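The chain contents come next:
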Amino acid sequence: MKPATFDYLAPRTLPEALAALGEGAQVLAGGQSLLLEMHLKRLDPALVVDVNHVPGLDHLDVADGRVEVGALVRHKVFESPEAVPGPLGGLFARAVVNIAHPPIRTRGTMVGSLAWAHPASEWCALAMALDAEIDLAAAHGTRTIAARDYFLGPFRTARRPDELITVIRFPLLSPDTGVGFLEHRRTGFSFAQVAVGAAITIREGVVTEARIGLANCADRPIRAEAAEQSLIGAEIACPGGPRVPADHPFTRAGRTAADQDAAPVPEPHADVEYRRHVIAVLVARTLREAAIR
Ligand SMILES: Cc1cc2nc3c(=O)[nH]c(=O)nc-3n(C[C@H](O)[C@H](O)[C@H](O)COP(=O)(O)OP(=O)(O)OC[C@H]3O[C@@H](n4cnc5c(N)ncnc54)[C@H](O)[C@@H]3O)c2cc1C
């Protein structure tokens, strides 16, 4: 199908881009979700504002213990664990390869994923787990919003139609943090049925910090806070194989995530019971992966 008729604007400055945004306008970043939706006629914007020629939106900077990802940084950049210092770079590299396939990762952007807010988005789950901040700019001013206040539901966020996301900011992880990311999906290129990202710090055999982000485990990306809490202070003997024993703290955290944190919705290929089972298993395995790294 062809999209309905629309106007196209390719601004050369940020103020020009911001002046054009508002009700009925869509931002074109990587175009990997927008153009598909337009072709399927699920979106019919009157105006497409292509921000690819706006200078200053493609920066990836590290300052004050945080990494700033500009609106035009493509998924592909994060395939290299060195793109971002420390364990955070490793976590991004583990997550990004689950996003679609190389041509999509070459054009699509991390910020575009946050703007689109698919409940199964890997980046959105990590933004929740890691307490990311999102900078929004409009013609009348800018604001910063925490990820936990940003996601409102499937494809629904606190972004207003006249706002452009300019930056996502993640805190770097301390060098002794272990990271893991695992995903379950029907086919190689489908969206995740369940995805789990974890960062865990274990000092002298005891968990001191745990962060767990879940994708497609509710109507929006979530942080598994009850599961995290269940781990703090737990003594960990890391399981040798991929099967985590039933009485292990990681197994209990998986069950907690599935029963208390997650609110899975049924899908044609996965009812709620099945999805809770997958969440429990995947959280335990991701924590194990994080603990052995
Ligand atoms: C076959 C296929 C498989 C995919 N699999 C996955 C997957 O497994 N996981 C996953 O996370 N994604 C997946 N995607 C989506 C892909 O990751 C997109 O790149 C991403 O969702 C959107 O990024 P984009 O830069 O392409 O945004 P665009 O398509 O350009 O825009 C998407 C939406 O975000 C808005 N937007 C974009 N940038 C901004 C901004 N800076 N400020 C405000 N609004 C903005 C646009 O207005 C539009 O509504 C898949 C896509 C396809 C086609």
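Residues numbered from 1 in each chain as written. Predicted model: local features only at pLDDT ≥ 70, side-chain atom pairs only at ≥ 80, totals over all residues. Heavy atoms only, no water.

**Student:** Explain the sheet that holds strand β10 (residues 164-171) to me, using residue names and the numbers behind them.
**Tutor:** Here five strands make up an open sheet; going across it, the order is β4-β5-β10-β6-β7 and the pairing antiparallel. Edge positions in the open sheet fall to β4 (60-63) and β7 (141-146), since each of these has one partner strand only. The mean inter-strand angle of the sheet, taken between neighbouring strand axes irrespective of direction, is 20 degrees. In this sheet, strand β5 (residues 66-70) lies alongside β4 in antiparallel orientation, the contact comprising four bridges. Of the residues in β5, the one forming a bridge with Asp61 is Glu68. (Pairing = 2+ DSSP bridges. Helix = DSSP H or I, 4+ residues; strand = E, 2+ residues; numbered from the N terminus. Axes fitted to C-alpha atoms, helices over the stretch in contact; angles between N-to-C directions.)

**Student:** Just give me the short version of the packing of aromatic side chains, but keep the residues and values in it.
**Tutor:** Using the criterion set out here, one finds six aromatic pairs in the structure. Ring centres of Phe92 and Trp123 lie 5.3 Å apart, and the angle between their planes is 80 degrees; on these two criteria the pair is classed as edge-to-face. With Phe92 in helix α3 (residues 86-96) and Trp123 in helix α6 (residues 122-129), the pair connects residues that are 31 residues apart, well separated along the chain. Each of the two residues, Phe92 as well as Trp123, counts as buried. Ring plane angle 55 degrees and centroid distance 5.1 Å describe the contact between Trp116 and Phe155, whose orientation is recorded as tilted. Taken together, the positions of Trp116 in helix α5 (residues 110-116) and Phe155 in the loop between β8 (151-153) and β9 (156-157) put the pair 39 residues apart, joining distant regions of the chain. Under the relative-accessibility criterion, Phe155 is labelled partly exposed at 40%. Members of the aromatic cluster, connected to one another through ring pairs, are Phe78, Phe92, Trp123 and Phe170. (Phe/Tyr/Trp six-rings, centres within 6.5 Å; stacked < 30°, edge-to-face > 60°. Buried < 20%, exposed > 50% of the residue type's maximum accessible area, 1.4 Å probe, protein only.)

**Student:** Break down the nonpolar core for me, citing the residues and quoting the values.
**Tutor:** Phe78, Phe92, Met110, Leu114, Trp123, Leu130 and Phe170 are the most contacted members of the largest nonpolar core, which has 55 residues in total. If one sorts the elements of this core by residue count, α6 sits on top with seven residues. (Core = buried A, V, L, I, M, F, W, Y, C linked by side-chain atoms within 4.5 Å.)

**Student:** Give me the environment of Arg252: which residues, what numbers.
**Tutor:** Relative to the assigned elements, Arg252 resides in helix α9 (residues 249-261). Residue Arg252 is classed as partly exposed on the basis of its relative accessible area of 45%. Distance from Arg252 to Ser230, taken between C-alpha atoms, is 7.9 Å for residues 22 residues apart in sequence.

**Student:** Describe the site of the ligand, naming the residues involved and giving the relevant values.
**Tutor:** Taken together, 29 residues form the shell around the ligand, and within it Gln26, Ala29, Gly31, Leu34 and Thr109 come nearest. Leu34 has a polar backbone atom sitting 2.7 Å from an oxygen atom of the ligand. Backbone polar atom of Ile165 to a nitrogen atom of the ligand: 2.9 Å apart, as the coordinates give it. The protein chains hide 93% of the 970 Å² of surface that the ligand would expose on its own. Among the secondary structure elements, those contributing two or more residues to the shell around the ligand are β2 (25-28), α5 and β10. Of all the elements, α5 adds the most residues to the shell around the ligand, at five residues. Class assignment for the residues of the shell around the ligand results in 14 nonpolar, 12 polar and three charged. Here the shell around the ligand spans two domains, and each of domain 1 (7-53) and domain 2 (60-171) adds at least three residues to it. (Near = heavy atom within 4 Å. Polar contact = N/O pair within 3.5 Å; in protein donor to acceptor, adjacent residues only side chain to side chain. Areas by Shrake-Rupley, 256 points an atom, 1.4 Å probe, with all protein chains shown as cover. Nonpolar A, V, L, I, M, F, W, Y, C, P; charged D, E, K, R; others polar. Domains from an automatic or database assignment.)

**Student:** How would you summarise α9 if you had to cite specific residues and measurements?
**Tutor:** For α9, every residue scored as buried is listed here: Pro249, Phe250, Thr251, Ala253, Gly254, Thr256, Ala257, Ala258 and Asp261. At its buried positions, α9 is contacted by β12 (194-203), β14 (222-223), α8 (225-231) and α10 (272-292). (Contact = heavy atoms within 4.5 Å.)

**Student:** Explain the side chain of Thr109 residue by residue, including any values.
**Tutor:** Within the secondary structure, Thr109 is located in the loop between α4 (102-107) and α5. What makes Thr109 buried here is its relative accessible area of 3%. Reaching out from Thr109, the side chain makes a polar contact with the backbone nitrogen of Gly112 at a distance of 2.8 Å. Beyond its immediate chain neighbours, meaning those up to four positions away, Thr109 contacts Ala29, Gly30, Ala71, Leu72, Val73, Arg74 and His75.

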